[in-house]
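Chain residues, written in single-letter form:
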Amino acid sequence: MSRVKSVVLAVAALAVSGVVVTAQAQDKKLPYKVVDGYKVDAETMKGFRTWRAAACDRCHGANQEGLVGPSLIASMKTLSKEDFVKTVRDGRLDKGMQSFGTSKQVMDNMDQLYAYLKGRSDGAITRAKVEELQ
């Protein structure tokens, strides 16, 4: 078996076991850090608190799976950070989403909110309610 094929098979085996998600979460390029699927860094925790304070679950569901608003688990897979910021800041009034541009908490914690939702969408954060890493 070639070395490349061996590496591919090893990565596939790790992905099935969930180990890759943990390894990805440690990557400095990602906006979040997560351990055990629900323990997150302080900045990502701010994102979760912002999610709760802004009551985003009223439209997007408690688990971000969607209600009257779309599933953020699905849409965060393709939505760029720039489009995320624009959508949250300006809203999508034609689709019923309000603007959060005047919400100090949301605007001050936009990067953190993005990190939390991106972690949920990526599958690194495995449940909606998280705890802060100690």
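Okay, so let's go over this structure. All residue numbers here refer to positions counted from 1 along the written sequence of the relevant chain. Local features are withheld for residues below a pLDDT of 70 in this predicted model, meaning they are given only at 70 or higher, and side-chain atom pairs are given and counted only at 80 or more; totals for whole chains, interfaces and linings count all residues. Only heavy atoms go into the side-chain values, all of them from the structure, while hydrogens and water stay out.

Before going further, it helps to spend a moment on unusual backbone geometry. In this structure, Asp36 is a non-glycine residue whose phi angle is positive, near 60°. Put simply, DSSP marks the helices as runs of H or I at least four residues long and the strands as runs of E at least two long, and each gets a number from the N terminus on. Summarising the element assignment, Asp36 is placed in the loop between β1 (34–35) and β2 (39–40). Throughout this description, buried means an accessible area under 20% of the type-specific maximum (1.4 Å probe, protein chains only), exposed means over 50%, and partly exposed covers the range between. Relative accessible area serves as the criterion here: at 54%, Asp36 is assigned to the exposed category. Backbone geometry at Gln64 places phi at a positive 65°, although glycine is not the residue there. Considering the arrangement of structural elements, one finds Gln64 in the loop between α4 (57–60) and α5 (72–75). Residue class for Gln64 comes out buried when judged on its relative accessible area of 1%.

For this analysis, a salt bridge means a side-chain nitrogen from Lys or Arg found within 4 Å of a carboxyl oxygen belonging to Asp or Glu. For the structure shown, the criterion picks out 9 salt bridges. Here Glu43 makes a salt bridge to Lys46, at a shortest N to O gap of 3.1 Å. With Glu43 and Lys46 both in helix α3 (residues 42–53) and 3 residues apart, the pair spans about one turn of that helix. Judged by relative accessible area, which is 35%, Glu43 ranks as partly exposed. What makes Lys46 partly exposed here is its relative accessible area of 36%. A salt bridge links Asp122 to Lys118, with the shortest nitrogen-to-oxygen separation between them at 3.6 Å. Separated by 4 residues within a single helix, Asp122 and Lys118 lie in helix α8 (residues 110–122), roughly one turn from each other. The class of Lys118 is buried, set by a relative accessible area of 15%.

The strand order β1-β2-β3 describes an open sheet built from 3 strands, whose pairing is mixed. Looking at strand neighbours, the two that pair on one side only are β1 and β3 (131–132), the edges of this open sheet. DSSP bridges decide pairing: two strands pair if at least two such bridges lie between them. Where β2 and β3 come together, 2 bridges link them in parallel fashion. Looking across to β3, one finds that Val40 is bridged to Glu132.

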